[in-house]
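# Coordinates in review
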Amino acid sequence: MNDDVFVEMECRQFIKTGQEACGDDYQLMTLEEENRAIAVLSDGLGSGIKANMLANMTTTMALKFMRSNLDLPGAVETMMDALPVCEVRHISYATFSIVDLRLGGTTKIIEMGNPRYIHLRGEIEVPPYKHERFVSPNWPDREVDTYNVRMQTGDRLIIASDGVTQAGVGQKKYKFGWRRSGELEFARDLIRRTPDISARDLANAIAFQALSINPEKCADDISCLVIYLRKPRVMRILTGPPYHREHDRDFALLATAGADNVVICGGTTANILERELGKKVKIDLKLIRADDELPPPGIMDGVGLTTEGILTLSKVCSLLEKGDPSSPIPPDAPMAARLIINRIEESDRIEFIVGTKVNEAHQDPNLPLELELRRNVVKRIAEVLEKKYRKKVDIKYY
C-alpha cells in the first residue's frame, strides 16, 4: 500500500431490537501488494440469524469474486443465482454494496438494492464520472448499478444499509425516513465542524444519529461503513534498553516524534531518555487507583506517555487478543494499558523500537510463569494488530 496514503475502513452496526444477530454483514480486505482495498456491506432480508447468514454468504462471495478479478457481470450473476428468493415478496434475500478501491486508479462501486453511496471531498459531494446499470438476464427485476469514481487523499466514501436511510419512517418529522439526503447533510455538517474526523468516528456518529431518531427501539438493523483516504497517523513505542550503551543517544532521539505519538514502556527505557534528553517523568497522583494491577502512567514533557514495561505490554496484548475492533477495552482495564490502546486505536501504523539488552530482573524464577520476554510480547501484539485491527506494524530492534 502507498506509504503516503492510508485507507481507513470502519463500520458501526446496531442490531434490531429483539434480535440476537445483526441482519447486516460487512467484510473488509486490504491488498498491500496491489495498492488496493475491498469493502462489502450486505443487508439480509428481514432480521435475525437467518438474515445474518444470508448477508454473510453474500459478503463472502463478493469479497472472493472481487479479489480474484472475475468478470463483473458474471460474478454478480453468480451471486444472484446463489441467493434464494423470498416466496412471499419475490425479492432477493440480500442486497449488497461493493467498493473496489485502487489507489492511483479507478475505484468501482457496485450496488444492488442498498442506498446509494456518498462520496465526499471535504464537504462537497463528488459525482461519479461513469455510471452503468446492469439488468440480469436471469433476474430482470434486479438492477445492479456500477459507478466509477476517482478517489483523492482526503476523500471519504459512506456506505449504509437502509436501516440508516429509513430510520424514523412514519414519524411526523420523518414521514419517509431520514433518507439519504438527511444522512448526507449530517455527514457534511460533521465534517465542516471536524475536518479531520476519522472513519471510525464518522461511522459511529451516523449510526448513532440513525438510532436516536427512533429512541424507543432499533426498528431495523443499522450499518454505516466509512472509507477515508488520508495521510497515515504513526505511533512509536519504545521499550527496553539498547544492546550497546553507546547507542543510547540515537535510541533516545527516536522518541522525539511528537508527544501525542510516542509511548515509552519500561522504567529502564524511561531512565535512558531522561538522561539523554534532559527530561523528567511526571506522574499525576490522581491517576493512581488502589485496585489497579499496573503502576500508574506518567508523562515525559515534550516526549510522550510513559508506563511500566513488560507487565503493561503483556496486559495490552491480552486485552487486544480478547477484544474486537469496535470495543477492545473493558471499562475496568488498567489505566496504563487503556491509554496505550487508545493511542493505538487512533493510529494507523505502529512502530516498535525494541531494545535487545536482557533485563536481569526478568530472569527471577519467582516472577509469574506467563511473563514472556519483551520481544515475544511485541510480536504477539504486532500479529493481533495486523490480523484483527488492520494496523500496519513495523518492528525495529536496537
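Residues numbered from 1 in each chain as written. Predicted model: local features only at pLDDT ≥ 70, side-chain atom pairs only at ≥ 80, totals over all residues. Heavy atoms only, no water.

A tally of helices and strands in the protein yields ten helices and 18 strands. Taken over the C-alpha atoms alone, the protein extends approximately 75 × 45 × 40 Å along its principal axes. Counting only residues that meet the buried cut, the protein has 50% of its 398 residues in that class. Working note: accessible area of the protein is about 19,200 Å², and carbon and sulfur atoms make up 51% of it. For the protein, the distance from the average site of its 54 positive side-chain charges to the average site of its 59 negative ones is 3 Å. (Helix = DSSP H or I, 4+ residues; strand = E, 2+ residues; numbered from the N terminus. Buried < 20%, exposed > 50% of the residue type's maximum accessible area, 1.4 Å probe, protein only. Areas by Shrake-Rupley, 256 points an atom, 1.4 Å probe, with all protein chains shown as cover. Lys, Arg positive; Asp, Glu negative; His and termini not counted. Charge placed at Lys NZ, Arg CZ, Asp CG, Glu CD.)

A few words on the nonpolar core. Counting residues in hydrophobic clusters, the biggest one holds 30 residues, and the most contacted among them are Leu320 and Ile381. Among the elements of the structure, strand 12 (234-239), strand 13 (262-265), helix 8 (310-322), helix 9 (335-345), strand 17 (349-354) and helix 10 (374-387) are those that each provide at least two residues to this core. Those residues in contact with Leu320, other than ones at most four positions away along the chain, are Ile341, Ile344, Ile381, Val384, Leu385, Lys388 and Tyr389. Core analysis: the next-biggest nonpolar cluster, separate from the first, contains 28 residues, Ile158, Ala203, Ala205 and Cys218 among them. (Core = buried A, V, L, I, M, F, W, Y, C linked by side-chain atoms within 4.5 Å. Contact = heavy atoms within 4.5 Å.)

Take the sheet that holds strand 9 (residues 143-149) next. Taking strand neighbours across the sheet as the criterion, the six strands line up as 2-3-4-5-9-8 in an open arrangement whose pairing is antiparallel. Unpaired on one side and paired on the other, strand 2 (24-31) and strand 8 (130-135) mark the two borders of the sheet. Between one strand axis and the next, the sheet turns by 10 degrees as a mean value, whatever way the strands run. As defined by bridge partners, strand 8 adjoins strand 9 across six bridges and the pair is classed as antiparallel. Following the sheet pairing, His131 is matched in strand 9 by Tyr147. Seen against the sheet, helix 1 (residues 48-67) touches strand 2, strand 3 (36-44), strand 4 (94-102) and strand 5 (107-112) and runs at an angle of roughly 155 degrees to strand 3. Lying on the sheet, helix 2 (residues 72-82) is in contact with strand 4, strand 5, strand 8 and strand 9; it crosses strand 8 at an angle near 45 degrees. (Pairing = 2+ DSSP bridges. Axes fitted to C-alpha atoms, helices over the stretch in contact; angles between N-to-C directions.)

With that settled, consider helix 4 (residues 179-193). A rise of 1.5 Å per residue sets the reference length of helix 4, with its 15 residues, at 21 Å; its end C-alpha atoms lie 22 Å apart and thus fit the reference within 8%. In this structure, the buried residues of helix 4 make contact with strand 6 (118-121), strand 7 (124-125), strand 10 (155-160), helix 3 (162-165) and helix 5 (199-213). (Expected span 1.5 Å × (residues − 1).)

Attention now moves to the pairing of strand 3. The element strand 3 is largely enclosed, with a buried count of nine among its nine residues. Side-chain alternation along strand 3 places Arg36, Ile38, Val40, Ser42 and Gly44 on one buried face and Ala37, Ala39, Leu41 and Asp43 on a second face that is also buried. The pairing of strand 2 with strand 3 spans eight bridges and is classified as antiparallel. Note on strand 3: the bridge partner recorded for Met29 is Ile38. The hairpin turn running from strand 2 into strand 3, its antiparallel successor, is four residues long, and Asn35 in that turn takes a positive phi close to 50 degrees. Examined bridge by bridge, strand 3 and strand 4 share nine bridges and lie antiparallel to one another.

The final tally for this structure, using the stated rule, is 24 salt bridges. Residue Arg133 pairs with Glu143 through a salt bridge whose shortest N-O separation is 3.5 Å. One end of the pair, Arg133, is in strand 8; the other, Glu143, is in strand 9, and ten residues separate them in sequence. Given a relative accessible area of 40%, Glu143 falls into the partly exposed group. (Salt bridge = Lys/Arg side-chain N within 4 Å of Asp/Glu carboxyl O.)

What follows concerns the domain arrangement of the protein. Domain boundaries in the protein define domain 1 (6-230) and domain 2 (234-397). Just the C-alpha atoms count here: the centres of domain 1 and domain 2 sit 37 Å apart. The interface of domain 1 with domain 2 comprises six residues on the first partner and five residues on the second. Of the roughly 760 Å² buried between domain 1 and domain 2, counting both surfaces, carbon and sulfur atoms make up 33%. Sorting the residues of domain 1 by area buried against domain 2 places Phe6, Glu10 and Arg200 first, and these three jointly supply 55% of that buried surface. Our count for the contact surface shared by domain 1 and domain 2 stands at four salt bridges. For Arg200, the salt bridge is made with Glu346, and the minimal N-O distance between the two is 3.7 Å. Between the two partners, domain 1 and domain 2, sit four residue pairs in polar contact (both at pLDDT 80 or more). (Domains from an automatic or database assignment. Buried area = accessible area lost by both parts, 1.4 Å probe. Polar contact = N/O pair within 3.5 Å; in protein donor to acceptor, adjacent residues only side chain to side chain.)

With that out of the way, let us pick up the sheet that holds strand 12. Spatially, seven strands are ordered 14-15-16-13-12-17-18 in an open sheet, and the strand pairing comes out mixed. Of all the strands in the sheet, just strand 14 (281-282) and strand 18 (392-397) have a single pairing partner and so form its edges. With three bridges connecting them, strand 13 and strand 16 (residues 304-307) associate as parallel partners. Paired with Cys265 across the strands is Thr307, a residue of strand 16. Of the strands in this sheet, strand 12, strand 13, strand 14, strand 15 (298-300) and strand 16 touch helix 7 (residues 267-277), which is tilted by about 120 degrees from strand 13. Against the sheet, helix 10 engages strand 12, strand 17 and strand 18, with an angle of about 160 degrees to strand 18.

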